Structure formats: structure tokens, C-alpha cells
Amino acid sequence: MKDRHAGVLIVDDLPFMRTAIRDILNEGGIPVAGEAENGLKCLEFYYRNPVALVLLDITMPVMDGIETLAKLKHLDRESQVIMCSAMGQDKYIIRSIQLGARDFIVKPFKPERIISAVRKAIELNV
Ligand SMILES: [Mg+2]
């Protein structure tokens, strides 16, 4: 792996959700490395530009978050991933943790929930 970018990669198929998360991270003083609209774009981005943390939606076209998580972990065992998914998708929590996600945030979320989860994940791996 190349040098790791200190920021967060935001992965969600909905532009307004990516913007909302970006705004929250900006407010919290957490650097954003980039955005991706599906799992495939996420993997392409990460391969070229490994980041400190990936915030990963589950329901997305092309490649969903569960498959993306498995592939990210295969690409980089040390990758740090927090799942971020809509209510009613809790059935994926256990699977995500088994695959190596470090946290699971349920939408709609409070900004503080994102900030504290992201800080915890990044501080442990700087
Ligand atoms: Mg989605």
C-alpha cells in the first residue's frame, strides 16, 4: 500500500447523503479524501489512494457495501471501514462485523454519532 491519505472516503449512492456526511466531517475538522457513488468506484479510488477510513453505505447500485467491504479487506487487511446504512438494514450488522467493519451507523444519524465513530477509528490508526 502507498502512503495512506489521512482523510475519509465517503461512499454513498445518494449525492445529498454524501454532501451531508461531508458537511458533518468538515464541521468536526476531519479531512475528507474523496467521494464515491458505488462500491466499484470506492475500490478504484482506494486502490489508487488508500485512505485512513472508509464510510460505506450498504444499498448501492453496481456493487453494494457488503461486497465492497469484503473486497476492501482483501485488497488491504488494514483498511478501516465504518458501515453507514438505513434503518431496517440491521440484518447486515453481524455480517459487516464478521467481515471486519469496525462500526455500524444507522441512518438517520446524529452528527455526533458520525464524528465520534470516525474520530475513534482514525485516532487508533494514525
Ligand atoms: Mg444507498
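Preceding this paragraph is the structure being described.
Residues numbered from 1 in each chain as written. Predicted model: local features only at pLDDT ≥ 70, side-chain atom pairs only at ≥ 80, totals over all residues.

## Remarks on the overall build of the protein
In terms of helices and strands, the protein carries five helices and five strands. Along the protein, from the amino end to the carboxyl end, the secondary structure elements read β-α-β-α-β-α-β-α-β-α. On C-alpha atoms alone, the protein measures out to a radius of gyration of 13 Å, which is about the 14 Å that the 2.2 N^0.38 rule sets for 126 residues. Each principal axis of the C-alpha distribution contributes one length, and for the protein these read about 35 × 30 × 25 Å. Across the 126 residues of the protein, 33% fall into the buried class. (Helix = DSSP H or I, 4+ residues; strand = E, 2+ residues; numbered from the N terminus. Rg over C-alpha atoms; globule rule 2.2 N^0.38 Å. Buried ≥ 20, exposed ≤ 12 C-beta atoms within 10 Å, placed from the backbone.)

## Section: the environment of Val 81
Positionally, Val 81 belongs in strand β4 (residues 81-86). Given 26 C-beta atoms within 10 Å, Val 81 falls into the buried group. Taking the C-alpha atoms as reference points, Val 81 and Ile 97, separated by 16 residues in sequence, lie 9.9 Å from one another. Residue contacts for Val 81: discarding those within four places in its chain leaves Val 54, Leu 56, Leu 69, Leu 72, Gly 100, Ala 101 and Arg 102. (Contact = placed C-beta atoms within 7 Å.)

## Considerations on the nonpolar core
Formed by 29 residues in total, the largest nonpolar core has its most connected members in Val 8, Leu 9, Val 54, Leu 55, Leu 56 and Ile 82. Among the elements of the structure, β1 (5-11), α1 (15-27), α2 (39-48), β3 (51-56), α3 (65-75), β4 and α5 (111-123) are those that each provide at least two residues to this core. With six residues, the top contributor of residues to this core is β3. The contact partners of Leu 55, leaving out residues within four places of it in the chain, are Val 8, Ile 10, Val 11, Ile 21, Ile 82 and Cys 84. (Core = buried A, V, L, I, M, F, W, Y, C linked by C-beta atoms within 7 Å.)

## Some details on the sheet that holds β1
Whether parallel or antiparallel, the strands of a sheet pair through hydrogen bonds between backbone atoms. An order of β2-β1-β3-β4-β5 is seen for the five strands of this open sheet, with the pairing classed as parallel. The outermost strands of the open sheet, each flanked by one partner alone, are β2 (32-36) and β5 (103-107). Pairwise comparison of adjacent strand axes, ignoring direction, gives a mean angle of 20 degrees for this sheet. Where α5 meets the sheet, it contacts β1, β3, β4 and β5, and its direction lies at approximately 165 degrees from that of β5. (Pairing = 2+ DSSP bridges. Axes fitted to C-alpha atoms, helices over the stretch in contact; angles between N-to-C directions.)

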